[in-house]
Structures are given as structure tokens and as C-alpha cells.
Amino acid sequence: MAASDRMVLGPLVGSIDQGTSSTRFLVFNAKTAELLSHHQVEIQQKFPKEGWVEQDPKEILKSVHECVERTCEKLQQLNIDITNIKAIGVSNQRETTVVWDKTTGEPLYNAIVWLDLRTQSTVERLLKRIPGNNKAFFKFRTGLPLSTYFSAVKLRWLLDNVEEIRKAVDDGRAMFGTIDSWLIWVCICGKNGGVHCTDVTNASRTMLFNIHSLEWDPELCQFFDIPMEILPKVRSSSEIYGLMKICPSLKSGALTGIPISGCLGDQSAALVGQMCFQDGQAKNTYGTGCFLLCNTGQKSVFSEHGLLTTIAYKLGRDKPVCYALEGSVAIAGAVVRWLRDNLGIVKTSQEVEKLAAEVGTSYGCYFVPAFSGLYAPYWEPSARGIICGLTQFTNKNHIAFAALEAVCFQTREILDAINKDCGIPLNQLQVDGGMTNNKLLMQLQSDILCIPVVKPSMPETTALGAAMAAGAAEGVGIWSLNPGDLTAVTCERFEPQINPEESEYRYARWKKAVMKSMGWETSEAPSNG
């Protein structure tokens, strides 16, 4: 497409995609869903103690400003008029917890990331107050088991351990939110009248939200001893929350006055971006973690096999809420980052595919990356990472291959659980996320699942989902979500290439390795300071 043609593209939608390892700003054509330009910035993760994972909320904000600025510059270089951006959507890493001071606009502590394990003793203390120490006691109200993963226990830890936050709560200055709330509050006026809100998908990951009444639950807030006045207002995933103000670091002031009108937790956004609007449609996103969501329509389905019940989306104030079953895996892309940053066996993430491809097998080596315990389907916080089946023959290539296989085996475990819960086995898997650029991984995934894996040619489905919600919002109305209007997506297919017997043998060995990873850690262990 020539630059002169591009000037008459019609309405555009911007999408802030704030993930665990990076932030992106992407701009789409609302009529064709074509990605026109984007910019990405990696986010620093801090590990102040073993099991602790934090991020700086101000660094996250700065990364958003930088991505917006750079993307707008790239659009102008393409001769695209940025005044055609008519709406902005937000998609975000879920559960990650921020508390800030509404009078100064300053965060009162680092964001505690969803992967963080410091709250294990908080979880154990809370479990003692539940009849039969039942982790699933609140499942039918929240869809979630009691775990370090969700925001309520992170917020409880902050209130118990950070004097500054306790004081701000007492003084009526504290605001709690997940990353979406923090970004929207700052981007819509901040301390000068910012909008303190979240959407139903993010609220459903806090453990404080009733997924049936779609309201903060007073009994849950009482159980966790969370003051309800610090919680954001819960809105639908597609409505105008407010207008973007000039960000101090934005030289252009390009997006001033544009409505922020879409908000979805990243996994819900990917479900929308993959256009999984029908009951039974599913997608798997390969990011820092791995998340398989299956749309269950307007009925909430409760798992017998370790899956979560979560809100998929509510695309408008007067639109129905839709639910999903979710299989959550903590460590997927994070294992590649670990091989790069901790072991130093590769300099870039892309090299892992090359190393693994050189051997084409793990040679009997299995890697269970339970760095944050095991999530679905086990929910076993005592597990830790192990590499087993090592011989003198094993080298870094085999470990790289085993790391990629681990992502595929973990997906197989949650796919098995979804098939059991839904009763109708998936006949193919729709995939997205950064790791899907790894062709070896996608072929391995198909081999281990014994079904085709289907990858859209434009893998940024998370950002696309947030853009769709923003463009379709009442008062914006530039993106149609009617099934007949949705653009057909070109895809790449990966078909199984090994026989099912070999696949089953490898999967059985993986399960044996998982059993050996369990029961490593107890919160009573002596501290190293």
C-alpha cells in the first residue's frame, strides 16, 4: 500500500497492551483490523527476595508513554494521520496489584506481580479460617481457589506489611487497582479527578468479586479484611470510561481528548481478538505464562479438573456477560527468559529455537519449570522447578528442547482438563502470543496434543481484542462485532507429525517428572535473611 493511499484509511483504534514482560502500543484500522504500526518496550522485573516478583508502576507508566510516542512517530513517517485515532483500548497483565495515593498520584509500593509467592503464609493463615481448610471454599462465588495468584491476598499482604499503605487507607487517600485501573486513572486526569475503575474481567481475578451479581462481594471483603472504599468501580469491557489527557511525557499531545473505551484482562482480550464468541471456542496464549480459555457462553461452568471459572467479557453496559473456563500455567515464555537471563546459555530468546532444533530431542531430559509452584490443574504451591533425566550426554541443546517441550506438556495438561469438563474434545487449538513465532514450538505443540495447531498470521490478538472492544463501544461505534462483519483471518496450520504412541509415552514421562517436583517447599523453612 503506497503512502499516499494510506492517508485515507478511515478510523483507527489504538491499543495499550501492558504485559508482564513488555508494554506495547499498537494501532489498527477499524475497518480491516490491519495492524498499521506498533512499538514495544521490555519491562524490568525485580526479584528482591526468593519468590518475590515486583515491578515499578511508574516504569510501567513511562513505558506506556514511550510506546505511544514512538508509535505515533512511526505512523507520521508512514504519512498516516494520527488524528484518525478515535478510541483507545487497554489490555493488561491480570492480578498484579498496585496501591497508590490519590492526592499525590504516587504509588505507595511496587506492584506485586501475579507470579509472586510471598503471600504463601498469608494463604495458609487464611485457609485455617475456612471449614476443612478447603481451598475451593469460595469457588462458586469467585470461580477461583484460594491461591497466591489472585489480588486479594496480595492486597492483604500490603495492608499487613506496609505502614505507608495502612496510613493512606486510614486517611482515605489509598486506591487499589490492577494495572488497568492504574493506567486508566493516570491517563484520565490522575490526581486531578482521575477515573478509578476496572472492568468485569479484571475484577473477576481479584477473589473479591462475585461473578454472578457482578459486584464486589461484602462477605469476601470482610473475610480478607479489605476496606471496600479503596476498590475501583466495576464497568463493562466496552464503554467510554473517560477521555485521555495529555501525558506529561508526550511531546505531541497526540491523543488528548480521545476516549479510552475498551478494557480487558489480557487473556480475555486474546479470546475476543481470536473471535472466540461462540460457546465451545477456545484459544491458548503463549506469553510469560500460558493461558487456555474456552468460552462457555452466558453460563458459568465450574471445573472438576483444576480449571478456573472466569469472566470472558461483557462487551457493553447493556450486553450480557459471558464466561470462560481457564487453564492457567505460570511459566511459559518466562522459562526462555530464565535460560537467557539466569543461565546465560543464550543471548536472545530466538536462539532457544535454534539450539533446540540442532538436536530435535530432549534425549530423555524433562524440565518442570515450577518456579512459582504449579498452577492448573494441580494448584500446588509447594512445587519447585526441576530438570531430571540428565546423563553425561545431556547438553544445553537438550535442556533448551526440554524447556520448549515443558510449555507443550503443560498445555496438554490443561487441554485434557478442558476436554473432560466440557465433554466435547477440541479438534484444533487456536494459538497466539509472542512464543507462537517459534515454529519448532508450534510443531512440538501439535505433536504433543495430537491435534492441529492454528496460528493467525497477525499474532497480536491480545491488543486486537482490546482495540475491538474500544472501537465497538457505545458512543464510538467504529468497529462492528457482528459475526458477518468480522474479517476472515489468514492462518498457519501445524499438523501432528509423530505417532500418538510416542506422544503418549513422552507425556507419561512428563507426568512422572511433575510428581517429582511437588512438595519441595514449606513456608516453615528457616529463612536466609
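These numbers come from a predicted model, not from an experiment.

**Q** How do you make sense of the sheet that holds strand β14 (residues 259–265) when you look at a structure like this?
**A** Working definition: the strands of a sheet are paired by backbone hydrogen bonds and lie parallel or antiparallel to each other. Reading across the sheet, the six strands line up as β3-β2-β1-β5-β14-β13 and stay open at both edges, with mixed pairing between neighbours. Both outer strands of the open sheet, β3 (35–42) and β13 (238–243), are each paired with one neighbouring strand and no more. In this sheet, adjacent strand axes meet at a mean angle of 25 degrees when their direction is disregarded.

**Q** Explanation requested: the sheet that holds strand β16 (residues 290–297) in the structure shown.
**A** Strand order in this open sheet of seven strands is β17-β18-β16-β15-β21-β22-β23, and the pairing throughout is mixed. In the strand order of this sheet, the two ends are held by β17 (308–313) and β23 (491–494), each with one partner. Strand-to-strand twist of the sheet, defined as the mean angle between neighbouring strand axes without regard to direction, takes the value 30 degrees. With two bridges connecting them, strand β21 (residues 429–432) and strand β22 (residues 453–456) associate as parallel partners. Bridged to Leu429 within β22 is Val453.

**Q** Sorry, what's going on with the UniProt feature "domain: Carbohydrate kinase FGGY C-terminal" (unreviewed entry) in the protein chain here?
**A** In the numbering adopted here, UniProt assigns the feature "domain: Carbohydrate kinase FGGY C-terminal" (unreviewed entry) to residues 283–473. Strand forms 21% of residues 283–473 and helix 37%; the C-alpha atoms that close the span are 24 Å apart.

**Q** Please clarify how empty space enclosed by the protein should be interpreted in this entry.
**A** Taken as a whole and judged by the stated rule, the model has two cavities of 30 Å³ or more. Of the pockets and cavities examined, the largest cavity occupies roughly 60 Å³. Looking at the largest cavity, the residues that line it are Ser328, Val329, Ala330, Ile331, Pro369, Ala370, Gly373, Leu374, Tyr375, Ala376 and Gln410. Considered class by class, the residues forming the lining of the largest cavity number eight nonpolar, three polar and no charged. Computed from the structure, the second largest cavity encloses a volume of approximately 30 Å³. Forming the walls of the second largest cavity are Val329, Leu374, Ala376, Pro377, Tyr378, Gln410, Glu413, Trp510 and Val514. Mapped onto the lining of the second largest cavity, the elements with two or more residues apiece are α13 (396–422) and α16 (500–517).

Criteria and cut-off values
- Residues numbered from 1 in each chain as written.
- Predicted model: local features only at pLDDT ≥ 70, side-chain atom pairs only at ≥ 80, totals over all residues.
- Heavy atoms only, no water.
- Pairing = 2+ DSSP bridges.
- Helix = DSSP H or I, 4+ residues; strand = E, 2+ residues; numbered from the N terminus.
- Axes fitted to C-alpha atoms, helices over the stretch in contact; angles between N-to-C directions.
- UniProt positions renumbered as here; feature names shortened; annotations may be inferred.
- 1 Å grid on protein atoms, 1.4 Å probe; cavity = no way out; pocket = protein on both sides within 12 Å on 5 of 7 lines; lining within 4 Å.
- Points joined across faces, edges and corners; volume = space filled by probe spheres on them.
- Nonpolar A, V, L, I, M, F, W, Y, C, P; charged D, E, K, R; others polar.

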